[in-house]
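Remarks on the overall topology
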Amino acid sequence: MKNLITLLAIFMASSAMAQWKQYNPNKNNDPANASKELINPANHTLMLIDHESQMAFAVESNPIDEIRNNVGLISAISQLYEIPTVITTVAEKSFSGPVFPEVREFFPDESGYIDRTTMNSWEDTRVVKAVGAFKKPKLVLAGLWTEVCILSAALSALEDGYDVYVITDACGGVSKEAHDMSIARMIQAGIKPMTAMQYGLEIHRDWARSDTYVQMNDIMKKWGGAYGLGIDYKKTLDKWEKEHSEK
């Protein structure tokens with residue numbers, strides 16, 4: 001706990017500078033006014049837990065294609081903003097199989113994944129060490145199943161002093177009740193729920209960020225559902241209007 005307090009003190013001392021580096025200069029904006037509850041690229045580690053084929057087969061809480069899409073969205077965001085990311089598997093080659101293609105697309109070096117035997121990834125010392133090495137006070141989780149691998153890791157990390165968030169629509173349980181009751185239990189313990197779209201927009205935060213504006217729009221067009229279609233619609237109309245005016 002003493003080490004965590006020291007870590008938080010160091011983080012708070014450099015927080016304002018770190019946040020300013022995330023935004024293009026704009027005299028009207030002051031990121032220091034943002035709530036410390038909000039996720040930004042500098043303050044958290046993302047942990048993707050067991051998004052594997054065998055685990056997905058039993059998921060009944062959410063349509064698996066929606067979960068895959070949301071996992072693709074957060075993976076793309078994580079890569080774009082260089083979010084420290086830990087990926088775990090359980091009995092990968094003997095039972096659970098490979099991680100989703102949506103994860104491998106953005107994290108192709110599978111040698112960096114941590115394969116374990118314990119259902120609670122936080123009981124594997126390699127996982128705790130990997131997360132701790134990034135020295136971030138917040139931990140964001142997504143994975144399968146909600147009621148086992150996510151719940152146990154979230155409660156364990158919370159007890160170790162991390163500020164824990166769970167991306168609920170990038171998780172899935174064996175039933176809607178199993179998923180919902182697990183989320184409720186985590187909220188009661190002080191863990192914060194969020195969604196994949198919320199995660200991405202909370203990180204991007206400002207449409208004046210020209211350094212990632214185009215890439216962010218491309219991610220949303222591919223993974224952002226109806227919102228992404230809206231972006232594609234508007235950008236296409238703008239293109240057609242420009243082409244028409246130049247004739």
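Scroll up a little and you will see the structure.
Bear in mind the structure is a predicted one, so any value in this text is a computation, not a measurement.

Before going further, it helps to spend a moment on the pattern of salt bridges. Scanning the model with the defined rule gives 11 salt bridges in all. Where Glu102 meets Arg68, a salt bridge forms, and the shortest distance between an N and an O atom there is 2.8 Å. Here Arg68 lies in helix 3 (residues 64-80) and Glu102 lies in helix 5 (residues 101-104), a separation of 34 residues in the sequence. Residue Glu102 is classed as buried on the basis of its relative accessible area of 10%. The exposure class of Arg68 is partly exposed, given its relative accessible area of 33%. A network of salt bridges, in which partner residues are shared, links Glu37, Lys138, Asp163 and Lys192.

What follows concerns the side chain of Thr168. Mapped onto the secondary structure, Thr168 falls in the loop between strand 5 (163-167) and helix 8 (176-189). Sequence-distant contacts of Thr168, that is, excluding residues within four places in its chain, are made with His179, Ile183, Pro193, Met194 and Thr195.

To continue, consider the sheet that holds strand 4 (residues 138-143). In spatial order, the strands read 3-2-1-4-5-6; together these 6 strands make up an open sheet with parallel pairing. Every interior strand has two partners, whereas the edge strands, strand 3 (114-116) and strand 6 (192-194), have only one. On average, each strand axis in the sheet is inclined to that of its neighbour by 25°, with strand direction left out of account. Pairing analysis gives 3 bridges linking strand 2 (residues 85-90) to strand 3, with the strands arranged parallel. When the sheet's bridge partners are listed, Thr88 is paired in strand 3 with Ile114. Along the sheet, helix 6 (residues 125-133) makes contact with strand 1 (44-49), strand 2, strand 3 and strand 4, crossing strand 3 at roughly 155°. Docked against the sheet, helix 7 (residues 146-159) engages strand 1, strand 3, strand 4 and strand 5, running at close to 170° with respect to strand 4.

Let us look at the nonpolar core. If you look at the biggest cluster of nonpolar residues, it comprises 59 residues, and the most contacted ones within it are Met47, Val103, Leu141, Val166, Ile167 and Tyr199. The residues touching Val103, leaving out its near neighbours within four places in the chain, are Leu48, Val71, Ser75, Ile87 and Tyr113.

Time to look at the packing of helix 9 (residues 196-204) against helix 10 (residues 210-223). Where helix 9 contacts helix 10, the two axes come as close as 12 Å, and the packing angle between them is 170°. Looking at the two axes, helix 9 sits roughly antiparallel to helix 10. In contact with Met197, Gly200, Leu201 and His204 of helix 9, helix 10 contributes Thr212, Tyr213, Met216 and Met220.

For any pair of aromatic rings, the description consists of the separation of the ring centres together with the inter-plane angle of the planes. Counted according to the given criterion, the structure contains 3 aromatic pairs. When the ring of Trp122 is compared with that of Tyr162, the centres are 5.7 Å apart and the planes differ by 80°; the resulting orientation is edge-to-face. One end of the pair, Trp122, is in the loop between strand 3 and helix 6; the other, Tyr162, is in the loop between helix 7 and strand 5, with 40 residues separating them in the sequence. The class for Trp122 is buried, based on a relative accessible area of 9%. Classification of Tyr162 by relative accessible area gives buried; the value is 12%. Plain terms: the ring middles of Trp207 and Tyr213 are 6.0 Å apart, the flat faces sit at 85° to each other, and that makes the pair edge-to-face.

What follows covers a nonpolar patch on the surface. Side chains of Leu201, Trp207 and Tyr227 sit close together on the surface and give an oily, nonpolar patch of about 270 Å² of accessible area. Positionally, Leu201 belongs in helix 9. You can call Leu201 partly exposed: its relative accessible area is 31%.

Here we come to helix 3. Because an α-helix packs 3.6 residues into every turn, residues spaced three or four apart end up facing the same way. The end-to-end C-alpha distance of helix 3 is 24 Å, a good match for the 24 Å that 17 residues give at a rise of 1.5 Å each. Within helix 3, the full set of buried residues consists of Ile67, Asn70, Val71, Gly72, Leu73, Ile74, Ser75, Ala76, Ile77 and Ser78. In the stretch just after helix 3, Glu82 is the one whose phi turns positive, near 55°.

Each value, and the rule that gives it
Residues numbered from 1 in each chain as written. Predicted model: local features only at pLDDT ≥ 70, side-chain atom pairs only at ≥ 80, totals over all residues. Heavy atoms only, no water. Salt bridge = Lys/Arg side-chain N within 4 Å of Asp/Glu carboxyl O. Helix = DSSP H or I, 4+ residues; strand = E, 2+ residues; numbered from the N terminus. Buried < 20%, exposed > 50% of the residue type's maximum accessible area, 1.4 Å probe, protein only. Contact = heavy atoms within 4.5 Å. Pairing = 2+ DSSP bridges. Axes fitted to C-alpha atoms, helices over the stretch in contact; angles between N-to-C directions. Core = buried A, V, L, I, M, F, W, Y, C linked by side-chain atoms within 4.5 Å. Parallel < 35°, antiparallel > 145°, perpendicular 65-115°, else oblique. Phe/Tyr/Trp six-rings, centres within 6.5 Å; stacked < 30°, edge-to-face > 60°. Patch = residues over 30% accessible without salt bridge, like charges linked within 9 Å, V, L, I, M, F, W, Y side chains within 5 Å. Areas by Shrake-Rupley, 256 points an atom, 1.4 Å probe, with all protein chains shown as cover. Expected span 1.5 Å × (residues − 1).

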